Amino acid sequence: MTLSCKIKRISWEWVINFENVVWEFNKTSNVPNSDTILMRNGTGKTTSLKLLQRLFTGQELSMQNGGEDDAGILKRCEYKGLRAVSAPEIDDSEMGTPRFSVTLDVNGEEYTLFYVFDEIFSTAKIHTQGPGEFYDYYKMPDEFTTAFEGNLEFSKLIFVDTQTAGLGMERFNKQVIDDLFMSLSNVKVLRSARTTSIPQIIEEVADKAKRSGSAKEMEAVTQQLKVVKRVKEKLETKLEKANGDLETAISDLKTTTEKIKILRGQSKLKIKYDKALKARNIAKQRVTNSTKDILVAIGDPQNLPESLWYPVKDYYALLADQRIPEAIAREYLGAVIEGGICICGEKISPKMDKCIHEKMEKSMGAGVLSEVHVLKDLVKKATPRADIKELKNLLEAEIDSLDTANTQLSALDSQLDSDSKDSLEELGGLKVTLGAQITKLNEDILMWSCSDDGTIKTNKKKWLGRSMKSGDKPAEGRGMIDDCKNLYWLEQIRKHLSKKKAKIAGIQALDRAGDVISAVFEHVEKLVLESLQSKLKMETDKHLSKYNMQNELRIHSMDQGIKMVDGSNRFVQSGGSTGEELSIIMSLVEAISSSIDLTVPMIIDNPTKGLGEDKLEGVENSLNSFNHQLILMIYDTERRLLPNYLTEGKTDPAVAFRESEEKGKRSPYVVRYGWDIFNSYTPKGSDRIEEVD
Amino acid sequence: MQGMEDEIMEIDELVEKSVIEYCENEEYSERLTKLLLNLVKKMRGNELESGDLGDYLTNVNSMIEKDGLI
């Protein structure tokens, strides 16, 4: 697949806050791959980003969908602009048709994707203007649809809302990454065929077939399959909602944390807060490091208690002394030579005899055997490396220090004036609630979507209930199926029941044909996925090396989502800071481009939002190192935070604003390009405008 | 440039290779392998019409019967 895709233009017509505004990429300069749009806070940057994410994937919006965020996005899209506040400048009759569009260069041809909203913003339909034709639906070239159609996670990956970055790297979990790779390689369609279309066809044939079993049996299994279908729909809906809720909760948590930071930073106690926060961060880092150390120590068998370790050591010492594998091999080959016939059946000639003797001399102890010998020697000499009790005491002391640092922060909070104190208490409470909500959502998502056999069985009581019978067999009773809360296990139940139904219907042969096709498809999916994981891991790492990652973070693996490992190759982690997460996304996008010839744009909304100064440098480095089309959407105060990126020669700036913001006399939104307006534009009053949430 | 092209992963080739590899391991006949290859290709190319998948199932069914796989 070859796809080269660039954004040429974005247009807003009577949506969010805009009247009729067009922004064009590379309008005024020749910086080939980078533009920055400045809009004051609350104008509609994040809403625009969400529209782009969905427009690329062909997802129409409807209040009725109940899908992720549809209602929220449509609500935010409703035009407020000059009709808002107490003195509206225009009335409804002056408004045009609400539309949002993006014009793209796709493999050298121009396509425009439109969202056309109805009058009450309850739906947004997609239209497409191709190079020669107009379609009142989503119609993009195959290379584009293969990558994007129905692939919201990919869109979210490259059109980054930093509100959801840096907190657990949910965007890199197994489901997202596997789906992404399978979509990019166009094998997701095989999975859908083997899990949905093929079973459906077989069931339809079974319904019509001449039965070999009884009508009662047939009715029972048909009803059981209906329950499976119902439970599957229920779990999928819950999963989709939970993913949406999780994104919202992560974003809310980040906003809340930022508000707490601002509230503390604006108080008279700022200096004391800075000091206390610094102490708390140091204590937190120590707890993290000691936790990692204790984990590594526990994982090293040399540190096992003597009662457990010494029998193992004795056994290996005995092996090392007696070199049993070598002795057995010698004995075996000796017997072969003595018998005079090789394993292949050929008579052993003097030349072969000599050769085997040479091999016995040289090879015994080489290869696998030598590894066994090394292992035996290592175990024989092994001595405890760490005192786990001591590490535990250290960790406990560091947790105490962290508690003290948190108490000091709380003491400062209590010295604030009553209004600030109330706000802080409220925000603190909200933070705890959101934290608990995120934990619960992650647990639920894992329960519904986990496909790891071991994990599922470990949690079978809660996740599967009565739907797993003794001997780990799928249950058949309708009430029992209802207990199932895991989609992977539900699929096993469905397979089992389908087989039973095929047997009753006397169509086992067709069912077997379905198995043959499904097995081939599954093999292709697995192989392609593994190849992509391996290739993209290597390529992403190569690109990642140019980003300035903390602790020399590198990709550890991609088969369980993206896991990172630090420079010492000891600590695997799945989370990262916002800067690190941006670097990983950029490296992955570059790796995809260099590995499977797919070049796509990236947009980053509010790249610095909520970041401390220590993290800004990382983000700036990441932006500077990215080689593909990159569009930043920033608000006023972000300008000064990226001085080495937001500068001539690095990016082309533009500002979307109202030239007059005086109430009752506000002018329509316009876009102006160039450094003069970018540097001089100052929003009146607060950076956040009033009319948009 | 040539070097760069070599770096690009040929997914279509990989898919074809993996179908053949699987069929060889399962000792499927050449015609069954061809049928499955064709199905995978059409599936990925979005070239299947309504009812085509059912026809493929029937064809695979009769072929595995003829090949003595059931």
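About the thresholds
Residues numbered from 1 in each chain as written. Chains lettered and ligands numbered in written order. Predicted model: local features only at pLDDT ≥ 70, side-chain atom pairs only at ≥ 80, totals over all residues. Heavy atoms only, no water. Helix = DSSP H or I, 4+ residues; strand = E, 2+ residues; numbered from the N terminus. Contact = heavy atoms within 4.5 Å. Areas by Shrake-Rupley, 256 points an atom, 1.4 Å probe, with all protein chains shown as cover. Lys, Arg positive; Asp, Glu negative; His and termini not counted. Charge placed at Lys NZ, Arg CZ, Asp CG, Glu CD. Pairing = 2+ DSSP bridges. Axes fitted to C-alpha atoms, helices over the stretch in contact; angles between N-to-C directions. Buried < 20%, exposed > 50% of the residue type's maximum accessible area, 1.4 Å probe, protein only. Polar contact = N/O pair within 3.5 Å; in protein donor to acceptor, adjacent residues only side chain to side chain. pLDDT = per-residue confidence, 0-100. Left-handed = near helix turned anticlockwise from the far one by under 90°. Nonpolar A, V, L, I, M, F, W, Y, C, P; charged D, E, K, R; others polar.

**What to know about the overall build of chain A**
Point 1. Along the backbone of chain A there are 22 helices and 19 strands.
Point 2. Long-range contacts, defined here as pairs at least 24 residues apart, represent 69% of the contacts in chain A between residues at least 6 apart.
Point 3. Split by element, the accessible area of chain A, about 33,800 Å² in all, is 52% carbon and sulfur.
Point 4. Each charge sign in chain A was given a centre, from 98 positive and 107 negative side chains, and these centres are 4 Å apart.

**What to know about the sheet that holds strand β12 (residues 554–557) of chain A**
Residues and elements named next belong to chain A.
Point 1. In space, the 3 strands of this open sheet follow the order β12-β13-β14, with antiparallel pairing throughout. Either end of the sheet is taken by a strand with one partner, and the two such strands are β12 and β14 (572–573).
Point 2. Summarising the sheet, strand β13 (residues 563–565) and β14 pair through 2 bridges and their orientation is antiparallel. Looking across to β14, one finds that Val-565 is bridged to Val-572.
Point 3. Contacts from helix α19 (residues 508–544) reach β12 and β13 within the one sheet, and its direction differs from that of β12 by about 165°.

**Description of the side chain of Gln53(A)**
All names here are of chain A.
Point 1. Note on placement: Gln-53 falls in helix α1 (residues 45–57).
Point 2. We classify Gln-53 as buried; its relative accessible area is 4%.
Point 3. Among the polar contacts listed, one links the side chain of Gln-53 to the backbone oxygen of Phe-159, at a separation of 2.8 Å.
Point 4. Here Gln-53 is in contact with Leu-152, Ser-155, Lys-156 and Phe-159, once residues within four sequence places are set aside.

**Describing the confidence of the model for chain B**
All names here are of chain B.
Point 1. Mean pLDDT over chain B works out to 85, with 86% of the residues at or above the 70 mark.
Point 2. Within chain B, the element-level pLDDT minimum falls on helix α1 (residues 2–7), averaging 42, and the maximum on helix α3 (residues 30–44), averaging 95.
Point 3. The low-confidence segment residues 1–6 (pLDDT under 50) makes 0 contacts with residues lying over four places distant or belonging to another chain.
Point 4. Scored as a whole, the predicted complex attains pTM 0.73, and scored at its interfaces, ipTM 0.93.

**Brief notes about the packing of α19(A) against α3(B)**
Two packed helices can be described by the angle between their axes and the distance between those axes.
Point 1. Running from amino to carboxyl end, α19(A) crosses α3(B) at an angle of 65°, the nearest separation of the two axes being 11 Å. Where α19(A) crosses over α3(B), the handedness of that crossing is right-handed. In this structure, α19(A) uses Val516(A), Ile517(A), Val520(A) and Phe521(A) to contact α3(B), whose residues at the interface are Leu36(B), Leu39(B), Val40(B) and Met43(B).
Point 2. Grouping the constituent residues of the contact of α19(A) with α3(B) by class yields 8 nonpolar, no polar and no charged.

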